[in-house]
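If you want the building blocks of each chain, they are given just below.
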Amino acid sequence: MSINANDPNAPVTTFIATASSGSTRSQVSSGDSGSWYEAMSRAWGQTLDGQAARVTQLSDAIASGGDQPSNMVQLTAESLRMQFMSNNAATSQNAVGHALETLGKRQ
């Protein structure tokens, strides 16, 4: 699977591709995440940051006189995409957190 580096979803896509490849984990440096849960959180954060930057860029373009209907529709679409991504990030974090909690209680 090839991953487009310009894709705002690249961090999450890379995380999913790496996790599903079954590759063994390499040595973790101090700047890396300490667990896959932290790596997932970081990937979601980077993805949401990228989407927020797209929304901000479109908003700035509209504020500086580019208030054509096409720009307004694009901003609306990107804002809704941000909402969708944010909801999915929260849902996945909660689901994994509850699963880890359940595993912790069983031990």
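These figures come from a predicted structure and were not determined experimentally.

Enquirer: I'd like a rundown of the overall build of the chain, residues and numbers included.
Expert: A count of helices and strands for the chain gives three helices and zero strands. Written out in order from the N terminus, the α and β elements of the chain read α-α-α. Here the chain holds 107 residues, and the buried ones make up 20% of them. Taken as a whole, the chain presents about 7,400 Å² of accessible surface, with 55% of it coming from carbon and sulfur.

Enquirer: Can you tell me about the packing of aromatic side chains, naming the residues and giving the values?
Expert: This structure, assessed with the given rule, holds one aromatic pair. The interplanar angle of 90° and the centroid separation of 6.4 Å between the aromatic rings of W36 and Y37 together place this pair among those described as edge-to-face. A relative accessible area of 45% places W36 in the partly exposed class.

Enquirer: Give a description of helix α2 (residues 36-63) that names residues and reports values.
Expert: Under the 1.5 Å per step criterion, the end-to-end length of α2 is 40 Å for 28 residues, consistent within 8% with the ideal 40 Å. Those residues of α2 that fall on the buried side of the exposure criterion are M40, A43, W44, T47, L48, Q51, V55, L58 and I62. Positioned one or two residues after α2, G65 has a phi angle of 100°, which is positive.

Rules used throughout
Residues numbered from 1 in each chain as written. Predicted model: local features only at pLDDT ≥ 70, side-chain atom pairs only at ≥ 80, totals over all residues. Heavy atoms only, no water. Helix = DSSP H or I, 4+ residues; strand = E, 2+ residues; numbered from the N terminus. Buried < 20%, exposed > 50% of the residue type's maximum accessible area, 1.4 Å probe, protein only. Areas by Shrake-Rupley, 256 points an atom, 1.4 Å probe, with all protein chains shown as cover. Phe/Tyr/Trp six-rings, centres within 6.5 Å; stacked < 30°, edge-to-face > 60°. Expected span 1.5 Å × (residues − 1).

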